[in-house]
Amino acid sequence: MFQLLSRSLPNLFTLGNLICGVSAITLNNEGFIREAALVIFLAALFDLFDGRVARKLKVNSEFGVELDSLADVVSFGVAPALIFHTITPHSIFAQLAFILFPTLGALRLARFSAKPTVGHFIGIPITLAGLIVAGMEVFLYTNTWIVLILAILMISPIKVKKF
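Rules of the game
- Residues numbered from 1 in each chain as written.
- Predicted model: local features only at pLDDT ≥ 70, side-chain atom pairs only at ≥ 80, totals over all residues.
- Heavy atoms only, no water.
- Patch = residues over 30% accessible without salt bridge, like charges linked within 9 Å, V, L, I, M, F, W, Y side chains within 5 Å.
- Areas by Shrake-Rupley, 256 points an atom, 1.4 Å probe, with all protein chains shown as cover.
- Salt bridge = Lys/Arg side-chain N within 4 Å of Asp/Glu carboxyl O.
- Helix = DSSP H or I, 4+ residues; strand = E, 2+ residues; numbered from the N terminus.
- Contact = heavy atoms within 4.5 Å.
- Expected span 1.5 Å × (residues − 1).
- Buried < 20%, exposed > 50% of the residue type's maximum accessible area, 1.4 Å probe, protein only.
- Phe/Tyr/Trp six-rings, centres within 6.5 Å; stacked < 30°, edge-to-face > 60°.

### Here's the deal with a nonpolar patch on the surface
Move 1: On the surface, a cluster of nonpolar side chains totalling about 400 Å² of accessible area is made up of Leu9, Leu12, Leu15, Ile19 and Leu57.
Move 2: By residue number, the principal contributor to the nonpolar patch is helix H1 (residues 2–29), which donates four residues.
Move 3: Summarising the element assignment, Leu57 is placed in helix H2 (residues 33–57).

See the structure below:
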């Protein structure tokens, strides 16, 4: 029983991340935009601990890695993009940012899954980019150019130290 729980615990954290992302989308759609943004920050807490718990318990798995990437696309790609779309005056550039942000975030995660790095990330992590976009709503600020730049930085060749 303990072994089953210890093997499942990291995935439960990842599912917490995913549930927060889906909840953020639902809250946004129901008009609770600030709450949606705050739930994305809760998703980041789950995301922070899933890998750490897996490494601590020595239960890393390919399944867990893939589940984490899928949860991250929802919580830090799609959910922040929808919030941005909701609070930003519509324009061709805003539409482009709305489409590119989760798309390039997914590409960044796929690249990391295909070619993992040690000690650093290539491109800014989708978690960081998603939190910045969610944080813009918390501070009642929106900027299409920031979202476009964050999308591009996720697939850029810059190295970001892991912490």
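### Notes on the environment of Ala151
Move 1: Structurally, Ala151 can be placed in helix H6 (residues 144–154).
Move 2: Sequence separation of Ala151 and Gly105 is 46 residues, and the distance between their C-alpha atoms is 6.7 Å.
Move 3: With near-sequence residues (within four places) excluded, Ala151 lies in contact with Leu100, Phe101 and Leu104.

### Examining helix H5 (residues 126–138)
Move 1: Over its 13 residues, H5 extends 18 Å from the first C-alpha to the last, a length consistent with the 18 Å expected when each residue adds 1.5 Å.
Move 2: Among the 13 residues in H5, 10 count as buried, and that is most of the element.
Move 3: Every buried residue belonging to H5 is among Ile126, Thr127, Ala129, Gly130, Leu131, Val133, Ala134, Gly135, Met136 and Glu137, and all of these are buried.
Move 4: Check the buried side of H5 and you find it contacts H2, helix H3 (62–87), helix H4 (92–114) and H6.
Move 5: Looking one or two residues past H5, Leu140 carries a phi angle of roughly 55°, positive in sign.

### Side note on the packing of aromatic side chains
For any pair of aromatic rings, geometry is given as the distance between the ring centres together with the angle between the planes.
Move 1: Within the structure shown, the criterion is met by four aromatic pairs.
Move 2: Note on Phe112 and Phe121: the rings are 5.8 Å apart at their centroids and 55° apart in plane angle, and the pair reads as tilted.
Move 3: Using a relative accessible area of 18% as the deciding quantity, one classes Phe121 as buried.
Move 4: Within the aromatic cluster, the residues linked to one another by ring pairs are Phe13, Phe46 and Phe49.

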